[in-house]
Amino acid sequence: MAPLPRQAVLEALAPALGRGEAKRVIERRRSGGERFLRATAYQVEARGTEGALLLLRVELHGAGTLPWPLNDRTRSDWLHPTPENLARFEELVDQEKLVAGRKDAVVRAKEAQRRLTVAAPLAEKDAVETAVRHAESEYARAEKDFWLKEQALGGRRPLPTVSAVVEDGVPLAALSTEPVRSEMAGALQQYAVDRLRRRGQRRSYDLVESMVHEGQRDSTVVVLQQVPMTGPDGTLATPWRGFQVTGNNRADARLQVYGLDARQMLTGVPQSALRLPGEEENRRLVLVGLGEILRRISTLLNTAYADAGHELEEQAERAQRIAQVPARVVVGARTPERLEESLRQLNVHDHLRGQLDYDDEDRGLGLWSTLVKAYQAKGLLAELLAKEVAQDRVPAASLDADAIADALVGARALDVLTVLLPPGDKVSPVTLRDVAVRCATVMLFPPVPPRPDNLPPRAHMPTGRYWPVVRAALQEASWAVSSTAKTERRTQVWAAVVAQHFAAHGNLLATRGLFTSLNVQYGVRPDARSLASLLSACRQGDAGAWEVLVRRHLLPGLVNAPLPFITAGQGSEKGADRKGVRRTPVNAVLALVNAYTSPPPGVTRELLVAFAEEVLHAPDAGFGVPGQAPGTFWAPDAQGFPQEGRLADKAWFDATFPKTSAPKGKARGKGGQPADGSDSGTDEDTADESGEDTVETEEEIPEDALARMTRLRSTLAIQIENSDNSVATAVELAERLLSHIQDAVQAREEAGTGQEPAEVQKSYVKDITGIKEQLTKLSGLLDKAGVAVWEL
């Protein structure tokens, strides 16, 4: 086990130890008088693995730890720590400071206006009124700029990057973040707490009051972490703090009971907030050392607890049960380079099986983290990506699997994926994001080898090396069970992973149906061509390249745009604030694919390629359409030039690419994918021309049974999809019927008129009953179809 850095023990662990804890966990051996940990004071987590951790069981000061920003329950609220996102965040922090200054200027100007006497000269009154208007306009402009900068980040923040502390070239069992300005470190900590509290609102009880009355009974995991920060004067401070890896909500609740701010506990608490009795207040003094902060907290609350009538008496009473809390502090690691990953897996494990509901997106990211870990444990991550994404251009042994895994789960920037870029793609945010999506696709839908020709009909299907890894990580049924639930679950995880590469997040349901059971069973092989090659092929008339570009490369941007082009297809048709028509995601993608070979009026190849380029580059644009969030753009015209004044949004998309139906020439499965599982093949087959005459017989030639079976099986998928669309239409019509009747009843009540005659009402009921009988008949037919399918 690699130990802790000595400075971490002195600055973060020792000051936070509860009373008598140091003596309780240490024993002296008779021989030599050396000190050791008692056998009952520690435990080994994940013993026998590379991720083994040595945990010290102690009680810590209730205010001695902070919530860990890397909590997996709030993972979807963070962005990848790319250089672009970090630069935008720095601008956002500066703008936030400017907004605060502009707000203070407004307050000062209004205060000066209130101090004016009635007898003040008119010129002075006019000057003060002008100053107030100027201050208010500057404040409004600063707030508008702040909103735009926040929208450039999608309202989120870049996830802090952590790594093991290295001393004398040896990694140790503690973490350290990248050096940032103190304002940025404090803003990230405050954002983490805000996201945590928002998730905590779903609890059925008040956690703060639970801490007050019940205390903390379960032991949580704490890691010691260094947070290098640059102060306003340019000096570098490297404070150590204990961060709560599990039980983040409890750490925040305890700080609330103590009346403390997590942001200040990290960057420094003002002396005025913890001023001791008899001490002179100094507004410029900031307490940075954890030992001094905790000493003052204990002194103030102990004094208040002993003195009746003290101003902090109530707070001291409330903090009594959390004065010391049980914790398991990481004091050793088998592989300190992977310490953050080991702690993240503890966090994911607790959340996937915890009491609080997991958001769909956070659950997907937790499962994704588990899957990446599973590929690493099997030693297959580098092999799969080298073979399927890099197309054997680089050997698997040359890939840094650990660094790639960190990038894929969002723990570091994507620049380590440069080695996987296809030839022809330059290193840029667009291409790195695209290759990350390719990795996620092939890892969630790994290729399965073709069925051997000599394999008996009922023999076990060999699924290769990768498919069992996904099955075990996601706890799925066997390969032979081709269920919709399995497809939807993998699609939802894929959507959650892909959304992390975009500032704006679309609805996860917007990707429903875009992957099929065939993609799950046989995998999705990425196209070897680069983005530049695909765009060039599309310009030259390659319909297959256009379909690949749309289904595998444009789709994430269409769903996760600031103004999404593809939505979940839900909501009322009469919603005044909803743009575009209601349609399924599958239909929207199919319409865009078919627009290349069967273009609607006004759609040209130049328009399609220009639209594709805008979708690919829009997430990285630092600006957008005036008055709209960054990443928006003007709709292209038939020549591919932007039409100023015409916003590219869902309304434009639905009007330009209207609803369509599946092509009749080639059978397609659910989601618009070809029934054979391939991604290309939109061109219709052309018959060979032969000069021979044709002869029409008097009687029909009987169809061969094998040919008939093949034909019926090939068209089954389209029949199911048509039935699905028809039933969905029927449900939509029933919703309209109910809404129409309810509106009519409400209008009658408002008008104060009588009811319809009983005969009319009976006729309506009779008609609705007839519809229900048709529904019962439909249900029976579908039950029979479900049974018959098993005999295919």
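What counts, and where the lines are drawn
Residues numbered from 1 in each chain as written. Predicted model: local features only at pLDDT ≥ 70, side-chain atom pairs only at ≥ 80, totals over all residues. Heavy atoms only, no water. Helix = DSSP H or I, 4+ residues; strand = E, 2+ residues; numbered from the N terminus. Buried < 20%, exposed > 50% of the residue type's maximum accessible area, 1.4 Å probe, protein only. Contact = heavy atoms within 4.5 Å. Pairing = 2+ DSSP bridges. Phe/Tyr/Trp six-rings, centres within 6.5 Å; stacked < 30°, edge-to-face > 60°. Lys NZ or Arg CZ within 6 Å of the ring centre and 35° of its normal.

A.B. asks: Could you clarify how one ought to interpret the side chain of Q376 in this entry?
C.D. replies: Mapped onto the secondary structure, Q376 falls in helix α12 (residues 360-378). Q376 sits in the buried class, given a relative accessible area of 19%. Leave out the neighbours within four places in its chain, and Q376 touches R338, E341, L381, A401, D402 and A405.

A.B. asks: Quick question: what am I supposed to make of the side chain of Q521 here?
C.D. replies: Tracing the backbone shows Q521 in helix α18 (residues 517-522). Aside from chain neighbours lying at most four places away, what touches Q521 is V448, W467, W479, A480 and S482.

A.B. asks: How should I be thinking about the environment of A528 in this particular structure?
C.D. replies: Within the secondary structure layout, A528 lies in the loop between α18 and α19 (531-539). Given a relative accessible area of 43%, A528 falls into the partly exposed group. Each C-alpha atom of the pair A528 and E388 lies 8.6 Å from the other, and the pair is 140 residues apart in sequence.

A.B. asks: How should the sheet that holds strand β11 (residues 180-181) be read in this particular structure?
C.D. replies: The strands that make up a sheet pair up through hydrogen bonds in the backbone, lying either parallel or antiparallel. In space, the three strands of this open sheet follow the order β11-β13-β14, with mixed pairing throughout. Each edge of the open sheet is held by one strand with a lone partner, namely β11 and β14 (236-237). Across two bridges, the pairing between β11 and strand β13 (residues 229-230) is parallel. What sits directly across from R181, in β13, is T230.

A.B. asks: Would you explain the pairing of strand β10 (residues 170-177) in this entry?
C.D. replies: Put simply, side chains in a regular strand alternate between the two faces of the sheet. Buried residues dominate β10, accounting for seven of its eight residues. Bridge analysis of strand β9 (residues 162-167) against β10 gives five bridges, and the strand direction is antiparallel. Paired with E167 across the bridge in β10 is V170. Hairpin connection from β9 to β10: two residues lie between these consecutive antiparallel strands, with D168 at a positive phi of about 55 degrees. Summarising the sheet, β10 and strand β12 (residues 220-226) pair through two bridges and their orientation is parallel. Considered in β12, the bridge of S176 is made with Q226.

A.B. asks: What am I meant to see in the packing of aromatic side chains here?
C.D. replies: Scanning the entire structure with this criterion turns up 14 aromatic pairs. On the basis of an interplanar angle of 90 degrees and a centroid distance of 5.0 Å, the ring pair of W78 and Y191 is categorised as edge-to-face. Of this pair, W78 sits in strand β7 (residues 78-79) while Y191 sits in helix α5 (residues 182-200), and the two are 113 residues apart along the sequence. Y191 shares its class with W78; the two are buried. With a centroid separation of 5.7 Å and 20 degrees between ring planes, the pair formed by W546 and Y596 is classed as stacked. With W546 in helix α20 (residues 543-559) and Y596 in helix α21 (residues 585-597), the pair connects residues that are 50 residues apart, well separated along the chain. With respect to burial, W546 and Y596 carry one shared label: buried. Among the aromatic residues, those joined into a ring-pair cluster are F565, F611, F633, W652, F653 and F657. Over the face of the ring belonging to F502 we find R433, whose NZ or CZ atom lies 5.2 Å from the ring centre.

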